[in-house]
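Chains, contacts and geometry: an overview
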Amino acid sequence: HLGSLGGNEFRELLREHGPEHFRRNVRSLVAAGREHGVVPVLVTFKFAPLYNMDRPRVEARFRAVQEHNEILRELAETMSAPIYDLAADMGDEQRLWFDNHHVTRHGARVKAELIAAYLDQAGLLPPPGHRP
């Protein structure tokens with residue numbers, strides 16, 4: 001569990017499993033989804049800088065999330081995959097966040113509503129009553 005790692009351990013884990021692992025995994029997921037007729041939708045990660053930002057481990061996570069979001073945006077463009085920028089749209093209000101990256105019950109509802117609205121506006125939802 002990442003939450004139990006100390007600052008140095010977490011930084012080492014990020015170095016060991018750098019952005020190329022993430023990039024490769026996302027590429028594989030997009031390709032696998034497409035092979036099965038699925039339209040993969042990428043969603044950026046939100047990190048709310050509310051708590052303990054002075055701790056090295058938290059700062060390292062914040063930078064890793066930013067880096068992963070850049071990779072998601074790049075892959076969305078190069079792979080012609082739709083992307084929803086949750087990081088840009090989800091607020092930082094404390095009532096949405098249990099900590100810097102886990103949402104509260106209210107936050108989960110807001111997150112779901114934002115993603116659903118994107119899918120609807122982008123025409124990515126099947127028509128009502130559609131059965132695969």
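Everything numeric here is computed off the predicted structure, so don't read it as measured data.

Okay, the overall build of the protein next. When helices and strands are counted, the protein shows five helices and two strands. Going from the N terminus to the C terminus, the protein shows its helices and strands as α-α-β-α-β-α-α. For the protein, with 132 residues in total, the buried portion stands at 28%. A separation threshold of at least 6 residues defines the contact pool for the protein, and within that pool the share at least 24 residues apart is 68%. With the model as given, the accessible surface of the protein reaches about 8800 Å², and the carbon-plus-sulfur share is 54%.

Looking now at helix H5 (residues 105-121). With 17 residues, H5 should cover 24 Å at 1.5 Å per step; its first-to-last C-alpha distance of 24 Å lies within 8% of that length. Restricting attention to buried positions, one finds in H5 the residues Gly107, Val110, Tyr118 and Leu119. Where H5 is buried, its residues contact strand E2 (83-84). Of the residues flanking the end of H5, it is Gly123, one or two places downstream, whose phi is positive at about 70°.

Right, let's get into the confidence of the model for the protein. In low-pLDDT regions, the fine details of the predicted coordinates are not to be read closely. Mean pLDDT for the protein: 87, with 84% of residues reaching 70 or above. Every residue in residues 1-5 is under pLDDT 50, and counting partners more than four places away or in other chains gives 10 contacts.

A side chain with one charge can pair with a side chain of the opposite charge if their charged atoms come near. Here the structure, examined in full by the defined rule, presents five salt bridges. We note a salt bridge from Arg109 to Glu113, for which the minimum N-O separation is 4.0 Å. In this pair, Arg109 and Glu113 both sit in helix H5, four residues apart, roughly one turn of the helix. Classification of Glu113 by relative accessible area gives partly exposed; the value is 46%.

On to the nonpolar core. Counting residues in each nonpolar core, the largest one holds 10 residues, listed as Phe22, Val26, Val30, Leu42, Ile71, Leu72, Leu75, Ala76, Met79 and Ala81. Listed by contribution, the elements that provide at least two residues to this core are helix H2 (19-35) and helix H3 (56-78). For this core, the element with the highest residue contribution is H3, accounting for four residues. The residues touching Ile71, leaving out its near neighbours within four places in the chain, are Pro19, Phe22 and Arg23. Counting residues in hydrophobic clusters, the runner-up holds nine residues, among them Ala48, Tyr84, Tyr118 and Leu119.

It is worth spelling out H2 at this point. Residues lying three or four places apart along an α-helix face the same way, a consequence of the helix completing one turn every 3.6 residues. Relative to the 24 Å expected for 17 residues at 1.5 Å per residue, H2 spans 24 Å between its end C-alpha atoms, a close match to the ideal helical length. Taken together, the buried positions of H2 are Phe22, Arg23, Val26, Val30 and Gly33. Angular distribution of buried residues about the axis of H2 spans 100°; they occupy a single face of the element. One or two positions beyond H2, positive phi appears at Gly37, with a value near 80°.

Reading guide: rules and limits
Residues numbered from 1 in each chain as written. Predicted model: local features only at pLDDT ≥ 70, side-chain atom pairs only at ≥ 80, totals over all residues. Heavy atoms only, no water. Helix = DSSP H or I, 4+ residues; strand = E, 2+ residues; numbered from the N terminus. Buried < 20%, exposed > 50% of the residue type's maximum accessible area, 1.4 Å probe, protein only. Contact = heavy atoms within 4.5 Å. Areas by Shrake-Rupley, 256 points an atom, 1.4 Å probe, with all protein chains shown as cover. Expected span 1.5 Å × (residues − 1). pLDDT = per-residue confidence, 0-100. Salt bridge = Lys/Arg side-chain N within 4 Å of Asp/Glu carboxyl O. Core = buried A, V, L, I, M, F, W, Y, C linked by side-chain atoms within 4.5 Å. Arc of directions from axis to C-beta.

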